[in-house]
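# Examination of the molecular architecture
The primary structure of each chain is shown beneath.
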Amino acid sequence: MIFDLPASGILGGIVFQMFFVLAIYAVVHGLFIRARNVDALPGGEYNIASLAAILLRAAGEAIAAFISLVAVGGGIFVWFTGKGVGTILNPPPNFLPLFGDTTFMGGIEFMVGGVMTAILVIVVSYLAAEGLQLISEAAARLQESRRVVSEPSLSSEPSLRLRSGAGS
């Protein structure tokens, strides 16, 4: 499709492809970074909420990186070709917002809309991950309090003994 464009549009297609490859690299690189966080999780009984929080952050970062880079590349593609991003991404992914039209201002709208959507995705995913992290910390505190209650105390104070019945 790129080489069917006029000479001025070919450069826009090549720049879009470079941004697309960069977006894929950013997604994979971000997932490798979050894999270190998964590997660093301490062993324990209540790790699922911590794991879910890390995976939610990773998903948000991956989607945000992809959307923002494809939006910038797509805006440049629109500038050079005067065609919509749907012509090069056929069909465009459902999570990719399609802002703007095929004018120069439409390319700017696509870039700004994509970057703003990426920021929204990252904020929502981080907020949800923090909620899961709070649940994980509450579970860890509950586990610790159960452990403290179940252990006998070795206090030097005499304990109270209840007597049943009447008498001495």
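See the structure above.
Residues numbered from 1 in each chain as written. Predicted model: local features only at pLDDT ≥ 70, side-chain atom pairs only at ≥ 80, totals over all residues. Heavy atoms only, no water.

## Topic: the overall build of the protein
So the rule is basically this: Numbering goes from the N terminus for both helices and strands, where a helix is a DSSP run of H or I of at least four residues and a strand is a run of E of at least two. When a residue's accessible area, from a 1.4 Å probe over protein chains only, is under 20% of the maximum for its type it is buried; when over 50% it is exposed; and in between it is partly exposed. Note on definitions: a residue-residue contact is assigned when non-hydrogen atoms from the two residues lie within 4.5 Å. All accessibility values rest on the Shrake-Rupley procedure with a 1.4 Å probe; residue burial counts only the protein chains present in the view.
Helix and strand counts for the protein stand at 3 helices and 0 strands. In sequence order, the secondary structure elements of the protein are arranged as α-α-α. Looking at the protein residue by residue over its 168 residues, the buried ones come to 30%. Of all intrachain contacts in the protein linking residues separated by at least 6 positions in sequence, the fraction that spans at least 24 positions is 72%. Of the roughly 10,900 Å² of accessible surface on the protein, a fraction of 67% belongs to carbon and sulfur atoms.

## Some details on the environment of threonine 117
With respect to the helices and strands, the residue threonine 117 is situated in helix 3 (residues 104–150). With a relative accessible area of 18%, threonine 117 lands in the buried category. In this structure the C-alpha to C-alpha distance between threonine 117 and alanine 64, which are 53 residues apart in sequence, comes to 7.6 Å.

## Section: the packing of helix 1 (residues 7–39) against helix 2 (residues 48–81)
Our working rule: Note on definitions: angles span 0 to 180 degrees between N-to-C directions of axes, and those axes are lines fitted to C-alpha atoms, for helices only across the stretch in contact. We call two directions roughly parallel when the angle between them is under 35 degrees, roughly antiparallel when it is over 145, roughly perpendicular when it lies between 65 and 115, and oblique otherwise. Note that Gly is not counted as nonpolar here; it falls among the polar residues with everything else outside the nonpolar set of Ala, Val, Leu, Ile, Met, Phe, Trp, Tyr, Cys and Pro and the charged set of Asp, Glu, Lys and Arg.
For the pair helix 1 and helix 2, the least separation of the axes is 8 Å and the interaxial angle reads 170°. Taken as axis vectors, helix 1 and helix 2 run roughly antiparallel relative to one another. By residue class, the composition of the contact of helix 1 with helix 2 is 23 nonpolar, 8 polar and 3 charged.

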